[in-house]
Amino acid sequence: MTDQITDTLRHREILFRGPHPDSRQAHSATLILSDIEGIVQVAPKHDLLITISYDLQFVSLQIIEEALSELGFHLDNNLLIQLKRALFHYSEEIAQAQLGYTPNSADTQVFIQKYRERAHGCRDERPEHWRHYL
C-alpha cells in the first residue's frame, strides 16, 4: 500500500520562452513559487526551465501555470508542450476528483496578491467617476 502523500505529489518541469524583459524568467518564477502552500520544491535548471514538485491536495499544474501567465511570464507553447500540458491537467483533475478535492479559489490568493504588487500598465489609478474622461 502506498502512502497518500506520495500519491498526491507531482514532479513537473515548466518551460518558459522569450522574448521577455526578464531574461531569467525561471529564477524570478522560483522566487514567487517558493512561498506558495503546497509547493514542496522548486528550482531553476537554467534561465528558461524550472523543476517543481507540488502536492495536488493544495495546488495543480493548471493553477500554477495560469498564475504565472497572469503575472506576465511567457510559458512555452509549442505543440509537444501543449499536448503534455493538456494530459497533465486532465490527469490531475481526475486525481483530485478521486481524492474528493475540489479546488478553491482561495488557492490563488497568493498569486493575486503578487500580481497586485507588480508594476505593470494594467492599472488605472483614477477614481471610478473620473475614468470616463480623458
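Higher on the page you've got the structure.
Quantities reported herein were computed from a predicted structural model and do not represent experimental measurements.

Basis of the calculations
- Residues numbered from 1 in each chain as written.
- Predicted model: local features only at pLDDT ≥ 70, side-chain atom pairs only at ≥ 80, totals over all residues.
- Heavy atoms only, no water.
- Helix = DSSP H or I, 4+ residues; strand = E, 2+ residues; numbered from the N terminus.
- Buried < 20%, exposed > 50% of the residue type's maximum accessible area, 1.4 Å probe, protein only.
- Lys, Arg positive; Asp, Glu negative; His and termini not counted.
- Salt bridge = Lys/Arg side-chain N within 4 Å of Asp/Glu carboxyl O.
- Polar contact = N/O pair within 3.5 Å; in protein donor to acceptor, adjacent residues only side chain to side chain.
- 1 Å grid on protein atoms, 1.4 Å probe; cavity = no way out; pocket = protein on both sides within 12 Å on 5 of 7 lines; lining within 4 Å.
- Points joined across faces, edges and corners; volume = space filled by probe spheres on them.
- Nonpolar A, V, L, I, M, F, W, Y, C, P; charged D, E, K, R; others polar.
- Contact = heavy atoms within 4.5 Å.
- Expected span 1.5 Å × (residues − 1).
- Arc of directions from axis to C-beta.

Trainee: Help me out: how do you make sense of the side chain of Asp55 in this one?
Mentor: Examined against the element boundaries, Asp55 turns out to sit in strand S3 (residues 49-55). Here Asp55 is buried and forms no salt bridge, its nearest opposite-charge partner Arg10 lying at an N-O distance of 7.5 Å. Side-chain polar atoms of Asp55 contact the side chain of Thr8, separated by 2.7 Å.

Trainee: Teacher, can you tell me more about the layout of surface pockets here?
Mentor: Which parts of space are left empty comes out when a probe the size of a water molecule is rolled across the atoms. Quantified by volume, the largest pocket comes out at close to 210 Å³. For the largest pocket, the full set of lining residues is Glu13, Ile14, Leu15, Leu49, Leu61, Glu65, Asp76, Ile81, Lys84, Arg85 and Phe88. For the lining of the largest pocket, the elements supplying multiple residues, two or more each, are strand S1 (9-15), helix H3 (61-70) and helix H4 (79-99). Ranked by residue count, the leading element in the lining of the largest pocket is H4, at 4 residues. Split by residue class, the lining of the largest pocket holds 6 nonpolar, no polar and 5 charged.

Trainee: I tried to follow the environment of Glu37 on my own but got confused; where do I start?
Mentor: Its location among the elements puts Glu37 in the loop between helix H2 (25-33) and strand S2 (39-46). Given a relative accessible area of 58%, Glu37 falls into the exposed group. In this view, Glu37 contacts Phe58 and Val59; residues no more than four positions away in its chain are not counted.

Trainee: Hey, could you run me through the pattern of salt bridges in this one?
Mentor: Any two side chains of opposite charge can pair, so long as their charged atoms come close to each other. Following the criterion strictly, the structure yields 3 salt bridges and no others. Ionic pairing is found between Lys45 and Glu13, a salt bridge with its closest N-O pair at 3.3 Å. Here Lys45 is found in strand S2, whereas its partner Glu13 is found in strand S1, with 32 residues between them in sequence. With its nearest N and O atoms 3.0 Å apart, the salt bridge here joins Glu65 to Arg85. One end of the pair, Glu65, is in helix H3; the other, Arg85, is in helix H4, with 20 residues separating them in the sequence. In this structure Arg85 comes out as buried when scored by relative accessible area, which is 14%.

Trainee: I keep staring at the side chain of Glu65 and nothing clicks. Help me out?
Mentor: Exposure remark for Glu65: the relative accessible area of 7% places this residue in the buried category. Side chain to side chain, Glu65 and Arg85 meet in a polar contact 3.0 Å long. The residues touching Glu65, leaving out its near neighbours within four places in the chain, are Leu75, Arg85 and His89.

Trainee: Where do I start with H4 in this structure?
Mentor: Helical geometry note: an α-helix holds 3.6 residues per turn, so side chains three or four residues apart project in the same direction. For H4, which comprises 21 residues, the first-to-last C-alpha distance of 30 Å matches the rise-based estimate of 30 Å (1.5 Å per residue) to within 8%. Within H4 the residues assigned to the buried category are Ile81, Arg85, His89, Glu92, Ala95 and Gln96. Along the axis of H4, the buried residues cluster in a sector spanning 135 degrees; they form a single face. Pointing more than 90 degrees away from the buried face of H4 are the exposed residues Leu79, Leu80, Leu83, Leu87, Tyr90, Ala97 and Gln98.

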